[in-house]
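# Structural characterization, general
Letter by letter, the chains look like this.
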Amino acid sequence: MAPRFDSLNKLFESVREANHDFRVTTDPFPPLDVEKIERTMELEEKGKRNGQSNSPPEDSRDLDEVERSISERIDSLRDDALQVLEGHLNNHATRLRNLDFDGHFSRIQVVNNASVDDFKADVSTGRDELFGLRNDLKEADEELADFRTRNRLEKRVARTKGALATILKWCVILVLLIVETAVNGVYLAKGNDQGLVGGIGYAFSFAFANVIATVVLGLFVVPRIVHRAFLWKVVGLIGIAAWLAVALGLNLVMAHYREVSATAFNDVGRIVMERLSTAPLIMNDIDSWVLFASGVLFSIIALIDSLLMKDPYPGYSETYTRYLDARDDYVDGKADLIDQLKEIRDDHNLKVDGIIRALSMRRKECAAIIDSRTKIIRQFSEHQSHLETSGRRLLATYREANRSTRAAPVPQRFATPFNLARRNPSIDTSDDWSDNELAGRIKEAQREMADQMTRISSEFDAAVTAYHQLDTIFPETLNGPAQA
């Protein structure tokens, strides 16, 4: 399945990602240490030495070697500062380009339509899924209505048991099996050559056959006695007869087996069968009658417990349970789909809010970049003035030392101050936005995104209405089983 709101997600990530890779320096153009330069270049020493030789001559118009070195030093520092400035300007230009307001503004309208289309696709998928669940519920309702009509059960609902009640009833069956095995084991231990262990082994066999056969008959055969069809009633009567045969016959066998095994060690089975055929109700030991009565009692309890596990009418509880399961699947499915759409809507609106906040942050960053660029240009201009002043001081130091030791007059140009040739950087303003214009575009984008949120909310309301419309088509399937 394609990612949901793919276009919106890309726009969301693009406005949040970092748009620069730089380190901010607090002093891009450090001031010169003029005194150190004077010492390094030995300006006083050279000035005095040249002055003693009246160099440069009075009529010289060009700078001498020392003066040229000072001028070249200052020009070199200016050019280095210009390179630093251009590096910062390039960084500023890159950061402004990476803000990409034009690209984001142009994609907002596309994203609006794509996001609404994505949401509609989710709504359509959910509607198809819900329609399938609704159709299953309708079929289950019709099946139940038909079953009730055919079996004349319109006046009552099926008696169903919850999962806990069913588990408890099966626990009763298990307890009956264990208790009957224990009780019978004590009685059958007498006369068994393996004692209590052997008696419990035989007792478990009798108890298992007694209880399990009763449960099977009670669940699947005996309830047929209440069926509307005559043939099924016959099957129910056969089931009752089969249960009586199990409850009475099996426990009589067990009681006679106990008496015979207490006195005979060979041909026990043959003797038991002879007694059953000649004198089935004659037993000499009261314990044998107790064993017989307890077995019948356990069988009765198992029959009642199995009959109460579900509705007494055959197939009614199963049909009704299928209807309830289909109804629960539909109700839960609809709630899940609505919650899913609500989650999608909220996630969409959260991202839209994030885009608007990110654009506002980029507006502030744009203003900060332009302010920073203006500041560093001003700093470069001030730095050029500082370099010019420093050059004048360095020349003044040299010329004053030269004047102090020379006999001839100084050249007339010594009175001309040093003027630094200024450099004006080239500034790319093609990606500049005025703050007012940018604020207006962001406000317009905010209106468009708010309209998108409104459209998504409208689609959500329409989807919920469409989902509920299925309930108005077949309301009886939710209010209760359909009446024939």
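Here the structure is a predicted model, which is why all the values come from computation and not from measurement. (Residues numbered from 1 in each chain as written. Predicted model: local features only at pLDDT ≥ 70, side-chain atom pairs only at ≥ 80, totals over all residues. Heavy atoms only, no water.)

### Describing the overall build of the protein
Helices and strands together make up the secondary structure of the protein, namely 13 helices and zero strands. Going from N to C terminus, the protein has its helices and strands arranged as α-α-α-α-α-α-α-α-α-α-α-α-α. By the burial criterion, 40% of the 484 residues in the protein qualify as buried. Summarising the internal contacts of the protein: among those between residues at least 6 apart in sequence, 86% fall at separations of at least 24. Carbon and sulfur atoms make up 56% of the accessible area of the protein, which amounts to about 26600 Å² in all. (Helix = DSSP H or I, 4+ residues; strand = E, 2+ residues; numbered from the N terminus. Buried < 20%, exposed > 50% of the residue type's maximum accessible area, 1.4 Å probe, protein only. Contact = heavy atoms within 4.5 Å. Areas by Shrake-Rupley, 256 points an atom, 1.4 Å probe, with all protein chains shown as cover.)

### Let's talk about a negative patch on the surface
A surface patch of negative charge is lined by Glu129, Asp136, Glu139, Asp325, Asp328, Asp329, Asp332, Asp336, Asp339 and Glu343. The set of elements that each furnish at least two residues to the negative patch consists of α5 (101-150) and α11 (316-405). The leading source of residues in the negative patch is α11, at seven residues. The residue glutamate 129 is located in helix α5 in this model. Judged by relative accessible area, which is 46%, glutamate 129 ranks as partly exposed. (Patch = residues over 30% accessible without salt bridge, like charges linked within 9 Å, V, L, I, M, F, W, Y side chains within 5 Å. Salt bridge = Lys/Arg side-chain N within 4 Å of Asp/Glu carboxyl O. Lys, Arg positive; Asp, Glu negative; His and termini not counted. Charge placed at Lys NZ, Arg CZ, Asp CG, Glu CD.)

### Concerning the nonpolar core
Counting residues in each nonpolar core, the largest one holds 49 residues, and the members touching the most others are Phe105, Phe119, Leu341 and Cys366. For this core, the elements supplying multiple residues, two or more each, are α1 (6-16), α4 (65-99), α5, α11 and α12 (435-473). Among the elements that line this core, the one with the most residues is α11, at 17 residues. Filtering out sequence-adjacent residues up to four positions away, cysteine 366 remains in contact with Leu96, Leu99, Phe101, Trp433 and Leu438. (Core = buried A, V, L, I, M, F, W, Y, C linked by side-chain atoms within 4.5 Å.)

### Structural notes on the environment of alanine 81
Inspection of the secondary structure assignment puts alanine 81 in helix α4. Residue class for alanine 81 comes out buried when judged on its relative accessible area of 4%. Once the C-alpha coordinates of alanine 81 and proline 30 are considered, the two residues, 51 residues apart in sequence, prove to be 9.4 Å apart. Sequence-distant contacts of alanine 81, defined by excluding residues within four places in its chain, comprise Phe29, Phe380 and His383.

### Re the packing of aromatic side chains
On inspection of all chains with the given rule, the structure shows six aromatic pairs. With 6.1 Å between their ring centres and 85° between their planes, phenylalanine 147 and tyrosine 313 make a pair best called edge-to-face. With phenylalanine 147 in helix α5 and tyrosine 313 in the loop between α10 (286-307) and α11, the pair connects residues that are 166 residues apart, well separated along the chain. Under the relative-accessibility criterion, phenylalanine 147 is labelled buried at 11%. (Phe/Tyr/Trp six-rings, centres within 6.5 Å; stacked < 30°, edge-to-face > 60°.)

### Considering the packing of helix α3 (residues 43-52) against α11
At a minimum axis separation of 7 Å, α3 and α11 run at an interaxial angle of 35°. The interaxial crossing formed by α3 with α11 has right-handed handedness. Only Leu394, Thr397, Tyr398, Ala401, Asn402, Ser404 and Thr405 of α11 make contact with α3, whose side of the interface consists of Leu43, Glu44, Lys46, Gly47, Lys48, Asn50, Gly51 and Gln52. Its residues assigned to classes, the contact of α3 with α11 comprises four nonpolar, eight polar and three charged. (Axes fitted to C-alpha atoms, helices over the stretch in contact; angles between N-to-C directions. Left-handed = near helix turned anticlockwise from the far one by under 90°. Nonpolar A, V, L, I, M, F, W, Y, C, P; charged D, E, K, R; others polar.)

### Overview of the confidence of the model for the protein
Averaged over every residue, the pLDDT of the protein is 82; the share at 70 or more is 87%. Predicted confidence in the protein is weakest over helix α13 (residues 476-479), with a mean pLDDT of 53, and strongest over α3, with 92. Confidence drops under pLDDT 50 across residues 20-25; counting only partners more than four residues distant or on other chains, this segment forms five contacts. (pLDDT = per-residue confidence, 0-100.)

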